[in-house]
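Listed below, chain by chain, are the residues.
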Amino acid sequence: MTDEKKSEADVLAIDAEVEAVYQQMKRDYASTLPGKIDELERKVMDAQSYPADEKRLQTALEEVHRAKGTMGSYGFPEIAELIHSLETLLQKERAASSMKANFWKEADQQIKRIFARAKEKAAYFSDTAGGG
Amino acid sequence: MADDDADIRKICHLSLSAVGKWQVFMAANGTDAIEKAREEVPDVILLDVMMPGTDGVTAYHRMKEIPALANVPVIMITAKVQQDELDKYTSLGVAGVIMKPFDPMRLPAEVLRILSGRFQTIEAE
């Protein structure tokens, strides 16, 4: 840090220029949201297609976990919450080691609903450049 | 600051440099973070927990073995996790844990808050 005496009040004094850069970054990120949701869906479907493959499920879980944090940090908590519910579902799947195929079958409709809602939100934020 | 997610690096760089007005070095993985930290010996290190290859926890342990970095405070960053996992990170001896999602405009203040608590703890000992 260049200034060790910097107080919390100092760092909270965000100037308009920084705020404008942040808003632009948020808009840029919003435009990539539909593609990111599609990519997540591919990863989850891949894990679903190979229920015995732990590695594919782990990959899907890591991607979902990462996306949840990033989408929320860019100011899209609604999508982050949906992705969090997906993560919870996948964690349950990982725990249900003896009945994986059945679990996927039962979770299928829930997963589809989560992705449908996430896609809807992502399209909205993308079209409205971050939700206005 | 180390995170394998380019979007997080981008927003953290804006936050820590433009809002915090700090000199920031970015790394995309744990190995890169160790090398950059060894070269620059920063005042504080922010490490994402989940990174491919050398993850945040491994990088933390390796940094603590480097004499120049042994006393540099490390803050772990992780997406929202269960309390037991959170306890696991804090028990490592890290200065603090910041959960994603975070407000980028408040991230520097959160770093200062954690460091302030750490320094108070040291003074009290």
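Here is what the cut-offs are and how they apply
Residues numbered from 1 in each chain as written. Chains lettered and ligands numbered in written order. Predicted model: local features only at pLDDT ≥ 70, side-chain atom pairs only at ≥ 80, totals over all residues. Heavy atoms only, no water. Pairing = 2+ DSSP bridges. Helix = DSSP H or I, 4+ residues; strand = E, 2+ residues; numbered from the N terminus. Axes fitted to C-alpha atoms, helices over the stretch in contact; angles between N-to-C directions. Expected span 1.5 Å × (residues − 1). Bend = angle between axes of the 7 residues up to and from the residue. Core = buried A, V, L, I, M, F, W, Y, C linked by side-chain atoms within 4.5 Å. Buried < 20%, exposed > 50% of the residue type's maximum accessible area, 1.4 Å probe, protein only. Contact = heavy atoms within 4.5 Å. Salt bridge = Lys/Arg side-chain N within 4 Å of Asp/Glu carboxyl O. Polar contact = N/O pair within 3.5 Å; in protein donor to acceptor, adjacent residues only side chain to side chain. Phe/Tyr/Trp six-rings, centres within 6.5 Å; stacked < 30°, edge-to-face > 60°. Lys NZ or Arg CZ within 6 Å of the ring centre and 35° of its normal.

**Observations concerning the sheet that holds strand β3 (residues 96–100) of chain B**
Residue and element names in this part refer to chain B. Strand order in the open sheet made by the three strands is β1-β2-β3, with parallel pairing throughout. In this open sheet, the two strands that pair with only one neighbour each are β1 (45–48) and β3. Strand-to-strand, the axes of this sheet are offset by a mean angle of 25°, without reference to chain direction. Note: β1 against strand β2 (residues 74–79), four bridges, orientation parallel. Following the sheet pairing, Leu-46 is matched in β2 by Ile-75.

**So, helix α2 (residues 16–49) of chain A**
With 34 residues, α2 of chain A extends 49 Å between its outermost C-alpha atoms, agreeing within 8% with the 50 Å of an ideal straight helix rising 1.5 Å per residue. Its axis deflected by about 40° at Leu-33 of chain A, α2 of chain A carries its strongest bend there, up to four residues before the proline Pro-34 of chain A.

**Some words on the nonpolar core**
By size, the foremost hydrophobic cluster in this structure holds 37 residues, and its most contacted members are Leu-33 and Val-44 of chain A. Discounting chain neighbours no more than four positions away, the residues touching Leu-33 of chain A are Met-71, Phe-76, Ile-79, Ala-122 and Phe-125 of chain A. Counting 23 residues, the second largest nonpolar core, distinct from the first, contains Ala-27, Met-51, Met-76 and Tyr-89 of chain B.

**Description of the interface of chain B and chain A**
Listed by partner, the interface residues are 31 residues for chain B and 27 residues for chain A. Summed over the shared surface of chain B and chain A, the result is two salt bridges. With a shortest N-O distance of 3.0 Å, Asp-7 of chain B and Lys-36 of chain A are connected by a salt bridge. Summed over the shared surface of chain B and chain A, the number is five residue pairs in polar contact (both at pLDDT 80 or more). Residue assignment for the side of chain B that touches chain A shows that the elements contributing at least two residues are α1 (6–19), β2 and α5 (107–124) of chain B.

**Thoughts on the environment of Asp-127 of chain A**
All names here are of chain A. For Asp-127, the location among the structural elements is in helix α5 (residues 100–127). Under the relative-accessibility criterion, Asp-127 is labelled exposed at 68%. In this structure, the C-alpha to C-alpha distance between Asp-127 and Gln-48, residues 79 residues apart in sequence, is 30 Å.

**Overview of the pattern of salt bridges**
This model, assessed by the stated rule, comprises 17 salt bridges over all chains. Note that Lys-119 of chain A and Glu-41 of chain A form a salt bridge whose closest N and O atoms lie 2.6 Å from each other. One end of the pair, Lys-119 of chain A, is in helix α5; the other, Glu-41 of chain A, is in helix α2, with 78 residues separating them in the sequence. Relative accessible area serves as the criterion here: at 33%, Lys-119 of chain A is assigned to the partly exposed category. Residue Glu-41 of chain A is classed as buried on the basis of its relative accessible area of 19%. Arg-38 of chain B serves as the salt-bridge partner of Glu-35 of chain B, at 3.6 Å between the closest nitrogen and oxygen. In this pair, Glu-35 of chain B and Arg-38 of chain B are both assigned in helix α2 (residues 30–40), three residues apart and thus about one turn of the helix distant. Through salt bridges with shared partners, a single network forms among Asp-38, Glu-41 and Lys-119 of chain A.

**Focus on the environment of Arg-62 of chain B**
Along the chain, Arg-62 of chain B turns up in helix α3 (residues 56–64). Taking the C-alpha atoms as reference, Arg-62 of chain B lies 24 Å from Leu-112 of chain B; in sequence the two are 50 residues apart.

**Description of helix α3 (residues 54–73) of chain A**
Three or four residues apart is the spacing at which side chains of an α-helix point the same way, because the helix has 3.6 residues per turn. All names here are of chain A. Here α3 is 20 residues long and its end C-alpha atoms lie 29 Å apart, about the 28 Å a rise of 1.5 Å per residue gives. Measuring from the side-chain oxygen of the N-cap residue of α3 to the backbone nitrogen of Lys-55 gives 3.0 Å; that N-cap residue is Asp-53. Downstream of α3 by a residue or two, Gly-75 has a phi angle that is positive, lying close to 90°.

**Things to note about the packing of aromatic side chains**
All names here are of chain A. In the structure shown here, the tally under the stated rule is four aromatic pairs over all chains. Taking 4.0 Å as the distance between ring centres and 15° as the angle between the ring planes, the aromatic pair formed by Tyr-29 and Tyr-74 counts as stacked. A residue pair is termed long-range when its members are at least 10 positions apart, and Tyr-29 in helix α2 and Tyr-74 in the loop between α3 and α4 (77–95) qualify at 45 residues. Just as Tyr-29 is buried, Tyr-74 falls in that class too. An aromatic cluster of at least three residues, connected via ring pairs, comprises Tyr-29, Tyr-74, Phe-76, Tyr-124 and Phe-125. Between Lys-26 and the ring centre of Phe-76, over which it is positioned, the NZ or CZ distance is 5.5 Å. It is Arg-56 that lies over the ring of Tyr-50; its NZ or CZ is 3.8 Å from the centre.

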